[in-house]
Amino acid sequence: MKHQRMSGPRTLSVATAVASGALILTACGASDSSSSADASPTPTAAAATSDADGIPCGKAATLQASGSTAQQYAMQNWIKNYTRACPDIKINYEGNGSGDGQDDFLAGKTAFAGSDSALSTEQVSQSKKTCSGKGQAVHLPMVGGPIALGFNLPGVTELTLDASTLAKIFNAQITTWNDPAIAKLNSGVKLPSTAIQAAHRSDSSGTTDGFTSYLRTAAPDAWPYEHSKEWKAKGGRSAESSAGLADKVKQTEGSIGYFELSYAAARKIPTVALSTGAPAPVQASILSASKSIADSKIVGKGKDLTLQLNYATKAPGAYPVDVVTYEIVCDKGNKPATWPATKAFLTYVAGKKGQENLSFQGYATLPANVVNKVRSTVNGLS
């Protein structure tokens, strides 16, 4: 499976970054597509309010949800553990990308959406038709993590790039791996003349939104496009979903692509270290992402908890290309038939049991003040 034997610092940076190689992620299921947990016996008319461990169960219901593939592994783990404790609740989560997840929620097809990017102002207005009683959609940040730049370049196990160079690579202005701009950042590394195969998401993706937010913020002169869930630059190869993009990089010599670190580590794809202006290049890791996300700010109003990340950080050891993934629900006017179970599930996800060991699953820690705000906010939704 390996295209290049990884050794030395590169192996450590990927494996130890996520709690001593826990990125294999087999504990939460091997699927990269959809998550579901089947309820056991036929649900009773009145479900218990909580299990023996105090996990809130709500009323018996089947919840449909969809969206972010970035939170795929976390969602699989949450659903497995929650439905084991609350067997009268069934949760089907389809990892179809943030854009489709948003569309499903706004169309009234799902109880909640998973998304790595916030709804637009127009979409929030549209949500007022979905949320009854003058309600509207709000964003609840649940997990964060680094967006890795994975590459396939036989003979090269360590690679450093900066925002400007990345922007020019993904905008087809730098087309070979031995380009002087890349060589300048990788002194002593023998770079081949292999053509660069830049790969991007073909579907509407919050990961694309996060990556292009970084390019637009950190290298505005080299990246002329606004950040977006849809890929705007011309050229390059494409693939659907984070798993699909990671597979394309794994299979294509000379390629580079962006996806959550868990997908890179599971496929043993080496990742780029970023030159940010800090004293040393920064590797994608859970610790470096957590350090960067700790500098985020809540910019949402009222019960909306949308975060603003600092993509231009130069703090030592802070990795700037990160994603925070949200659960999107109504602040009021959620569907009466499924809201008790949805609220109970979100209470669990944001609670101590839901948030523990997320780094073991490949996710970065959100600031304590943000997690506490999510917990109190969920309690006040209806």
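Up top you'll find the structure we're talking about.
Residues numbered from 1 in each chain as written. Predicted model: local features only at pLDDT ≥ 70, side-chain atom pairs only at ≥ 80, totals over all residues. Heavy atoms only, no water.

(A) Representation of the state of the cysteines. Summed over all chains, the structure comprises two disulfides. Covalent S-S linkage joins Cys-57 and Cys-86, the inter-sulfur distance amounting to 2.0 Å. Residues Cys-57 and Cys-86 are joined through a disulfide that is left-handed, its torsion about the S-S bond being -70 degrees. Taken as a pair, Cys-57 in the loop between strand S1 (34-37) and strand S2 (61-67) and Cys-86 in the loop between helix H2 (72-85) and strand S3 (89-94) lie far apart in primary sequence, 29 residues in all. Cys-86 matches Cys-57 in its accessibility class, with the two residues each being buried. Shown here is the disulfide that connects Cys-131 with Cys-330, its sulfur atoms set 2.0 Å apart. Looking down the S-S bond of the Cys-131 and Cys-330 bridge, the torsion is -80 degrees, so its handedness is left-handed. A residue pair is termed long-range when its members are at least 10 positions apart, and Cys-131 in the loop between helix H4 (121-127) and strand S5 (137-151) and Cys-330 in strand S13 (residues 322-330) qualify at 199 residues. (Disulfide = S-S within 2.5 Å. Helix = DSSP H or I, 4+ residues; strand = E, 2+ residues; numbered from the N terminus. Buried < 20%, exposed > 50% of the residue type's maximum accessible area, 1.4 Å probe, protein only.)

(B) Molecular detail of the packing of aromatic side chains. Applying the stated rule across the entire model yields 12 aromatic pairs. Measuring from centroid to centroid gives 5.5 Å for Tyr-73 and Tyr-263, while their planes differ by 40 degrees, and the two rings are tilted. Remark: Tyr-263 occurs in helix H9 (residues 261-266) and Tyr-73 occurs in helix H2; sequence separation between them is 190 residues. In terms of burial, Tyr-73 and Tyr-263 fall into one category: buried. When the centroid spacing of 5.0 Å and the interplanar angle of 70 degrees are considered together, the rings of Phe-170 and Phe-211 count as edge-to-face. Remark: Phe-211 occurs in helix H7 (residues 206-218) and Phe-170 occurs in helix H5 (residues 163-170); sequence separation between them is 41 residues. Just as Phe-170 is buried, Phe-211 falls in that class too. Taken together, the ring pairs in this structure connect Phe-170, Phe-211, Trp-223, Tyr-225, Trp-231 and Tyr-258 into an aromatic cluster. (Phe/Tyr/Trp six-rings, centres within 6.5 Å; stacked < 30°, edge-to-face > 60°.)

(C) Here's a closer look at the environment of Gly-244. As for its placement among the helices and strands, Gly-244 is situated in helix H8 (residues 241-251). On the basis of relative accessibility, which here comes to 21%, the residue Gly-244 falls in the partly exposed class. C-alpha of Gly-244 to C-alpha of Arg-201: the two residues are 43 residues apart in sequence and 8.5 Å apart in space.

(D) A look at a negative patch on the surface. A cluster of acidic residues, Glu-94, Asp-100, Asp-103, Glu-230 and Glu-240, forms a negative patch at the surface. Among the structural elements, Asp-103 can be located in helix H3 (residues 98-106). (Patch = residues over 30% accessible without salt bridge, like charges linked within 9 Å, V, L, I, M, F, W, Y side chains within 5 Å. Areas by Shrake-Rupley, 256 points an atom, 1.4 Å probe, with all protein chains shown as cover. Salt bridge = Lys/Arg side-chain N within 4 Å of Asp/Glu carboxyl O. Lys, Arg positive; Asp, Glu negative; His and termini not counted. Charge placed at Lys NZ, Arg CZ, Asp CG, Glu CD.)

(E) The arrangement of the packing of H5 against H7 in detail. It is the contact of H5 with H7, at a shortest axis distance of 9 Å, that shows an interaxial angle of 120 degrees. The orientation of H5 relative to H7 falls into the category oblique. Between H5 and H7 lies a crossing of left-handed hand. Here Ala-163, Leu-166, Ala-167 and Phe-170 of H5 lie close against H7, whose contacting residues are Phe-211, Tyr-214, Leu-215 and Ala-218. (Axes fitted to C-alpha atoms, helices over the stretch in contact; angles between N-to-C directions. Parallel < 35°, antiparallel > 145°, perpendicular 65-115°, else oblique. Left-handed = near helix turned anticlockwise from the far one by under 90°. Contact = heavy atoms within 4.5 Å.)

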